[in-house]
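Descriptive analysis of the structure
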Amino acid sequence: MNRLDKYEVLKKYFGYPSFRGGQEALIDAVLGGRDAFGIMPTGGGKSLCYQIPALMFEGMTLVVSPLISLMKDQVMSLKTAGVAAAYLNSSLTPRQIRLVWENMAAGMYKIVYIAPERLETEEFLSLAQHLPITFLAVDEAHCISQWGQDFRPSYLKIVTFLEALPRRPVLAAFTATATEAVREDIVRILGLRRPLQIVTGFDRPNLNFEVMQPPSKMPALHRLMARFAGKSGIVYCATRKNVEKVCEVLCESGLPATRYHAGLTDEERQVNQEDFLYDRRPIMVATNAFGMGIDKSNVSFVIHYNMPLSLEAYYQEAGRAGRDGEAADCILLYAPGDLHTAKMLIEMPGENEELSAEEREQLLRQNRKRLEQMVGYCKTTGCLRAYILNYFGQAGEEKCGNCGNCRTHYSEVDITTQSQMVLSCAFRVRSYLGYPVGKVLLAKVLLGSADKRVMELGLYQLSTYGLMRAYPSVRVRDIIDHLIGEGYLLVDPNHGGVTLTEEADGVLFRGIKVYAAFKPLPEKERKTRGKRGATVAVGTPDEELYGVLKRLRMELSLMEKVPPYVIFSNASLADMATRRPRTYEEFLEISGVGEVKAARYGDVFLSAITEYLMGEE
Ligand code: ADP
Ligand code: ZN
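What to know about the pattern of salt bridges
According to the stated counting rule, one finds 26 salt bridges in the structure shown. Salt-bridge contacts for Glu312 lead to Arg370; the nearest nitrogen and oxygen are separated by 3.3 Å. Of the two residues, Glu312 sits in helix H12 (residues 311-318) while Arg370 sits in helix H14 (residues 357-379), which places them 58 residues apart along the sequence. Residues Glu312 and Arg370 agree in their burial class; the two are buried. In this structure, the salt-bridge partner of Lys452 is Glu456, at a minimum N-O distance of 3.6 Å. With Lys452 and Glu456 both in helix H18 (residues 452-456), this residue pair falls four residues apart, about one helical turn. What makes Lys452 partly exposed here is its relative accessible area of 48%.

See the structure below:
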C-alpha cells in the first residue's frame, strides 16, 4: 500500500509521536512474521498493536472481537483516519453483510472486524479461502478460556477457521486479563507458535486506591461528593435498584448526576451517556453495564457503592479514572452485606446459553473463588495496589505509599487467646458431630447464636458455645479467616468444612502466638449496644427484639414438642425485650424466669439478645 515505516504510520494515521510500553515490540514481532501475545490493561493501547501491522502488511487483516459496539467505534475512527475498514456482526442486515463480502473480495479493506460466530458460516469460509489474509488478531482473547469470566464457546471457532485456511496468517492475541491459567489457555487453545509474550505494566501510578467501611454508605457518599465537588466521576452500584436510589439522592441534593443501567431504554441510555461525556452531568451513577468502550479522559474518581464480583471487574471499572494521567481516586465502599448481594448475583443462572451444565458449574466455582479474592481486597490491611498487581501476576513493591492502606498504620495485635477459642471450638464441633462444619456455622457456635442449625445439631451443648459472645460477629469471622489464611485451619474445597491442621497444635498446646492486623470496625459494629438500644425508651419492649424472641420460642417449642407458652409466656418475652438482659443474673430477674428455666433456656435467649444488640448485618 505504501512504504511508510511504523513511526510514520503512527504519526500519520493516529497522530501520536511515540509508542507506549510494549506496543513497539509487539508490532515488530508481528511485522517480522512471529506470533504475538499482548497482555495490557484496559486503555493500555492494544488496538494500535494490530492496527499498525494491518496497515503495513500487503494483504488483509481480520480482527476477531466480541464487542459489537467496540467494532463500530473502531471502524468509525479508522475510517475517519483514512483507513479502509469494515465490520461483520449481527447488527448488519444480510444485504449489508453481502456488500462487505463483495468489497472484501474486491480487496477494498485493510482491516475487517468480525464477530467469532461469523467465522464458521460455510459461505464466509469459502470466501475467506480466496482472500489474502496475512494477519489475524484476536481481541479480548481471554474469551477463549473457560477460566476467563467471559468464556465464549464461539471463540473456539477461530481455531477451526484457521485450520481451514490455505495459509496460516500471523496470529496475535490481546487481553487485559492476565491470570496465569487464562494466559496458558490462550496460548494453548489458539495454538500461538512461540509467541512474543509481553505483559505491560498493570500499574496505574496516578490512581489512588482506597477501601472504606463506613457504618452507613449514603452519608459517606455525600462526604465523598463534597470532596470531589466540581469533578467528573462514576459511581458504580451492584444493582439497578441501587443505581436508581443513589442517583435520586444525589440529584435531590443538587448534584449534576445521571444514570445508566440495562433497564433503561436505548434512547435514555444514549442521552444520559452523552450528558456525562459532554460534562453536562459529570456524575454517572451506573451498573457495570456502563463503561465498555467509554474513553472519557477526565474522570477523576470512580466510587464503588457496592463491592464488585471480581478484581478483574473492579480494576477495569476503577481504571476508567485518570485516563488523562492526572491523579484520580478509586474508592470502594464496603459493607459485609455486599457479600450477600454478590453471592446472589453469582448464583443467578447466567445468560450464557452456550454453556453446558458442567461448564456452568465450573464457572460458578471459579466465580466464587474470584469473589473470595475480591473480599480479600476489601479486608486486607496490606498495600491495595500490591494486592491488585499481585492478583494480575505482576510482582511489585510491597508498599506503594499511595493507597488508603499504605497511608494508614494498622497495628498488629496478639489474637492468640481468640485463636485458641476458635480452634478448640472447631475441634469440639468436629468430635461432637463426627464431621466438620463450615466457617459460618462455626462462627455462630462461637457467638452463641440461637440459629436453627445450631439448635438442630445440638451444638449449643458444647462448652465452646458462646465463648466469643463478647466479640462482634464480623470480628469472629475475621479471626476464622485469618486462621485459615495462616494455615491453622483448613477448608475442605468440596463441602467447606473447617478442620484443624497440625500447626494448630502449636497454638493450642505449645505456646505459638498468633498476631493479626485488622481494620478497625465501623462504629456500629464496635458498640456492644447498637442504635436500636439507644432509641428504645425504658419500659417499652423493643418490638423487633420481641419478634426475634418469639421466633426463637417457636423453634424451641417445635423441637421440644411443647406449646410455646410452656417455655415462656408472652409477658416474659416482653420483659426480656424491654430490659434486654445481658448476663445470667439479669436474666433471672425477668418476670416468669425461675432457676430451672434460666438454666435450661438462659443461654439460648441470652445469646439471641446479645446477637441482636450487636446489630447483626
Ligand atoms: P485498549 O484496547 O488496550 O483498552 P486502546 O487501544 O483503546 O486501549 O487505547 C486506549 C487509548 O490510548 C486510545 O485513546 C488510544 O488512542 C490511546 N493510545 C494508544 N496508543 C497510544 C500512543 N502510543 N500514544 C498515545 N496514545 C495512545
Ligand atoms: Zn499501597
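Some thoughts on the sheet that holds strand E10 (residues 257-260)
Taken in spatial order, the six strands make up an open sheet running E8-E13-E12-E9-E11-E10, and their pairing is parallel. Across the chains shown, the open sheet's two edge strands, defined by having one partner strand only, are strand E8 (207-212) and E10. Direction aside, the axes of adjacent strands within the sheet are offset by 15° on average. Examined bridge by bridge, E8 and strand E13 (residues 328-333) share six bridges and lie parallel to one another.

Some points on the coordination of the zinc ion (ligand 2)
Where a metal carries four tetrahedral donors, each ideal angle is 109.5 degrees; where it carries six octahedral donors, the ideal angles are 90 or 180 degrees. Those protein atoms acting as donors to the zinc ion (ligand 2) are Cys383 (SG), Cys400 (SG), Cys403 (SG) and Cys406 (SG), and they sit at 2.3 to 2.4 Å. One way to put it: the four donor atoms around the zinc ion (ligand 2) meet at angles of 102 to 118°, and that makes the site tetrahedral.

A closer look at the domain arrangement of the protein
Here the domain parsing of the protein yields domain 1 (6-199), domain 2 (207-391), domain 3 (413-518) and domain 4 (543-616). If you average the C-alpha positions of domain 1 and of domain 2, the two centres end up 29 Å apart. Tallying the contact residues gives 15 residues for domain 1 and 16 residues for domain 2. Buried surface at the junction of domain 1 and domain 2, both sides included, amounts to about 1400 Å², of which 51% is carbon and sulfur. Connecting domain 1 to domain 2 are zero salt bridges. Seen at the junction of domain 1 and domain 2, the total is zero residue pairs in polar contact (both at pLDDT 80 or more). Along the lines of polarity and charge, the residues of the side of domain 1 that touches domain 2 split into five nonpolar, eight polar and two charged.

Some points on the site of ligand 1
In the vicinity of ligand 1 lie 14 residues, with Tyr16, Ser18, Gly43, Lys46 and Ser47 positioned nearest. Contact distances for ligand 1 include 3.1 Å between an oxygen atom and a side-chain N or O atom of Arg20. Taking Gly45, its main chain carries an N or O atom lying 3.0 Å from an oxygen atom of ligand 1. Burial of ligand 1 by the protein chains amounts to 76% of its free accessible area of 560 Å². Here the shell around ligand 1 gets three residues from one element, more than from any other, and that element is helix H3 (residues 46-56). Taken together, the residues that form the shell around ligand 1 break down as four nonpolar, seven polar and three charged.

Observations regarding helix H23 (residues 543-560)
For H23, built from 18 residues, the straight-helix expectation of 26 Å at 1.5 Å per residue is met to within 8% by its first-to-last C-alpha distance of 26 Å. Every buried residue of H23 is listed here: Leu545, Tyr546, Gly547, Leu549, Leu552, Arg553, Leu556 and Ser557. Buried residues in H23 make contact with H18, helix H24 (564-567), helix H25 (570-579) and helix H27 (595-613). One side-chain oxygen at the N-terminal end of H23 lies 3.0 Å from the backbone nitrogen of Glu544; it belongs to Asp542. Note on H23: the residue one or two positions beyond its end, Lys561, has a positive phi of about 55°.

Some details on the sheet that holds strand E6 (residues 170-175)
Ordered by their spatial adjacency, seven strands build an open sheet running E3-E4-E2-E5-E6-E1-E7, and the pairing between neighbours is parallel. Since the sheet does not close on itself, it has two edges, and those belong to strand E3 (85-88) and strand E7 (196-199), each with one partner. Within this sheet the neighbouring strands show an average axis-to-axis angle of 15°, counted without direction. With five bridges joining them, strand E2 (residues 60-64) and strand E5 (residues 133-138) adopt parallel strand pairing. Its bridge partner lying in E5, Thr61 is registered against Phe135.

Digging into unusual backbone geometry
Its identity as a non-glycine residue notwithstanding, Arg194 has a phi of 35°, on the positive side. When its relative accessible area of 65% is taken as the criterion, Arg194 is described as exposed. Notably, Asp279 is not glycine yet its phi reads approximately 60°, a positive angle. Structurally, the position occupied by Asp279 is in the loop between helix H11 (266-277) and strand E11 (283-286). Look at Asp279 and you get partly exposed, because its relative accessible area is 35%.

Reading the values: rules and limits
Residues numbered from 1 in each chain as written. Chains lettered and ligands numbered in written order. Predicted model: local features only at pLDDT ≥ 70, side-chain atom pairs only at ≥ 80, totals over all residues. Heavy atoms only, no water. Salt bridge = Lys/Arg side-chain N within 4 Å of Asp/Glu carboxyl O. Helix = DSSP H or I, 4+ residues; strand = E, 2+ residues; numbered from the N terminus. Buried < 20%, exposed > 50% of the residue type's maximum accessible area, 1.4 Å probe, protein only. Pairing = 2+ DSSP bridges. Axes fitted to C-alpha atoms, helices over the stretch in contact; angles between N-to-C directions. Donors = N, O, S within 2.8 Å, 3.2 Å for Na, K, Ca; no water. Tetrahedral: all angles 85-135°; square planar, octahedral: opposite > 155°, others 65-115°. Domains from an automatic or database assignment. Contact = heavy atoms within 4.5 Å. Buried area = accessible area lost by both parts, 1.4 Å probe. Polar contact = N/O pair within 3.5 Å; in protein donor to acceptor, adjacent residues only side chain to side chain. Nonpolar A, V, L, I, M, F, W, Y, C, P; charged D, E, K, R; others polar. Near = heavy atom within 4 Å. Areas by Shrake-Rupley, 256 points an atom, 1.4 Å probe, with all protein chains shown as cover. Expected span 1.5 Å × (residues − 1).

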